[in-house]
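In case you want the letters, here they are:
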Amino acid sequence: MAHELAFSRLETSAMDMGREIASTRSVPTKDPDEGKSCRLRVFDPHHHLWDLDRNRYPWMDPGTPSIVGDPAPIRKNYLAQDYLADTSDFDLIGTVHLDGGFDPWNPVGETRFVQALHEESGFPNAIVGQVALDNSKAVDLIDAHMAASPLLRGVRHIVAWHPDPKLRYVERSDYLRDERWLRNFGKLAAYGLSFDTQVYPHQMGDLAAIARTHPETRIVVNQAGMPDGLRTGDLAGWQAGMRTLSVYHNVYVKISGFGMLLPEWRVKDVKPLIAELVDLFGPSRLMFASNFPVDKLFRTFKDIYADYAECVQSLSEAEQEAMFSATAIKLYRPVFPSVIRR
């Protein structure tokens, strides 16, 4: 009953905010202070904030192996003012906070932390909380996340296993076939929650089977589907996996995280991948995202989004708007209590 009431509250919130965002457009707009340049309006659906003085993020502990290499440059507090500084070249509409590798023994603590930041800063405007779906207490965790914040819109469980230990996020390769995991996944629809995850291309067949079995649950593939072929030059597996997933209209893709696989990426490296995603999913199921501050290890927010814009400059204004904001706003139903950047 508790989750049914919570779902009703989310639906009401979504209707209430409809009028607030109806006039919010995320197309490039002329900046009067910059002559012919444009300021891109952005709704960022994937970033993290953290306070290392108060909370623990085990993946950032010195000596812990990580796909990003040494996270020392970002092993410091990253709060609202830091994110706003990094995005100062853009008209920021709003954001979604994704779990940032917070202490797995206290995942709800991160949701409480982010809710407090929202109350202080006006953003983040939606939350995706950490829930390990193989946990026997997964449903209790979902209830606790929802009780901790009315901004909760989804849960995330990273299941990205790779044969190369250097690319491995988890030690189990079978999450997407685990019976308890699948049972708990099946309960998300009743909450009205979406599911974010990271998988590698060879795992996309299993994820597609889940999407087919649970068409009522929106599945969001993070970090552009972890195209490990950026390292080897062979993207056939990624292309095949994305083609399989694209058949299911409850599957969405966030385009971000290229730096974790190709630190020095440029337009020429990723434009073919973005074009493939546009062909397969269409802009209404695609979202550009920053993955900040993790991707700050590789490039600035300004450079990343400028390259995104260059990759889709041939698309219509409405299609670009979908990828830079509208798709994410529709999916995550953000709450905008006040102006973010004053």
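Residues numbered from 1 in each chain as written. Predicted model: local features only at pLDDT ≥ 70, side-chain atom pairs only at ≥ 80, totals over all residues. Heavy atoms only, no water.

Peer 1: Can you help me understand the packing of aromatic side chains in this one?
Peer 2: Within a pair of aromatic rings, the relevant descriptors are the distance that separates the centres and the angle that separates the planes. A complete count under the given rule lists 19 aromatic pairs for this structure. Here Trp265 and Tyr308 contribute two aromatic rings whose centre-to-centre distance is 6.3 Å and whose plane-to-plane angle is 20°, an arrangement assigned as stacked. A residue pair is termed long-range when its members are at least 10 positions apart, and Trp265 in the loop between helix H10 (258–261) and helix H11 (267–281) and Tyr308 in helix H12 (residues 301–311) qualify at 43 residues. There is no split in this pair, since Trp265 and Tyr308 are both buried. A connected cluster of aromatic rings, assembled from ring pairs, spans Tyr83, Phe90, Phe123, Phe258, Trp265, Phe288, Phe292, Phe301, Tyr305, Tyr308 and Phe324. (Phe/Tyr/Trp six-rings, centres within 6.5 Å; stacked < 30°, edge-to-face > 60°. Helix = DSSP H or I, 4+ residues; strand = E, 2+ residues; numbered from the N terminus. Buried < 20%, exposed > 50% of the residue type's maximum accessible area, 1.4 Å probe, protein only.)

Peer 1: Even after reading the chapter, I still don't get the side chain of Thr197, so can you show me in this structure?
Peer 2: By secondary structure assignment, the location of Thr197 is in strand E7 (residues 194–197). Among the polar contacts made by the side chain of Thr197, one reaches the main-chain carbonyl oxygen of His157 at a distance of 2.6 Å. (Polar contact = N/O pair within 3.5 Å; in protein donor to acceptor, adjacent residues only side chain to side chain.)

Peer 1: I'm lost on the environment of Asp269 in this one. Help?
Peer 2: With respect to the element layout, Asp269 can be found in helix H11. For the pair Asp269 and Phe258, spaced eleven residues apart in the sequence, the C-alpha separation amounts to 9.4 Å. Not counting the four nearest positions on each side in its chain, Asp269 is found in contact with Leu230, Leu262 and Glu264. Only 2.8 Å separates the side chain of Asp269 from the backbone nitrogen of Arg266, close enough to count as a polar contact. (Contact = heavy atoms within 4.5 Å.)

Peer 1: Would you mind going over helix H9 (residues 236–246) with me for this structure?
Peer 2: Because each turn of an α-helix spans 3.6 residues, side chains separated by three or four positions end up pointing in the same direction. Among all positions in H9, only Trp238, Gly241, Met242, Leu245 and Ser246 are buried. Relative to the axis of H9, the buried residues are bounded by an arc of 135° and lie together on one face. Taken together, the buried residues of H9 touch helix H7 (204–213), strand E8 (219–221), strand E9 (251–255) and H11. (Arc of directions from axis to C-beta.)

Peer 1: Which parts of the structure should I look at to understand the packing of H11 against H12?
Peer 2: How two helices pack is summed up by the angle between their axes together with the distance between the axes. Between H11 and H12, the least distance of the axes is 10 Å, while the angle of their chain directions is 50°. The orientation of H11 with respect to H12, classified from their angle, is oblique. Once H11 is placed against H12, the crossing between them reads as right-handed. Within the contact between the two elements, H11 uses Val267, Val270, Lys271 and Ile274 and H12 uses Asp307, Glu310 and Cys311. (Axes fitted to C-alpha atoms, helices over the stretch in contact; angles between N-to-C directions. Parallel < 35°, antiparallel > 145°, perpendicular 65-115°, else oblique. Left-handed = near helix turned anticlockwise from the far one by under 90°.)

Peer 1: Would you mind showing me how to read the sheet that holds strand E10 (residues 286–288) here?
Peer 2: As a general point, the strands of a sheet are linked pairwise by backbone hydrogen bonds and lie either parallel or antiparallel. Strand order in the open sheet made by the eight strands is E3-E4-E5-E6-E7-E8-E9-E10, with parallel pairing throughout. Either end of the sheet is taken by a strand with one partner, and the two such strands are strand E3 (41–47) and E10. In this sheet, adjacent strand axes meet at a mean angle of 25° when their direction is disregarded. Alignment of E8 against E9, held across three bridges, turns out to be parallel. From the neighbouring strand, Val220 faces E9, where its bridge partner is Tyr252. Along the sheet, helix H4 (residues 138–148) makes contact with strand E5 (126–130) and strand E6 (152–156), crossing E6 at roughly 145°. (Pairing = 2+ DSSP bridges.)

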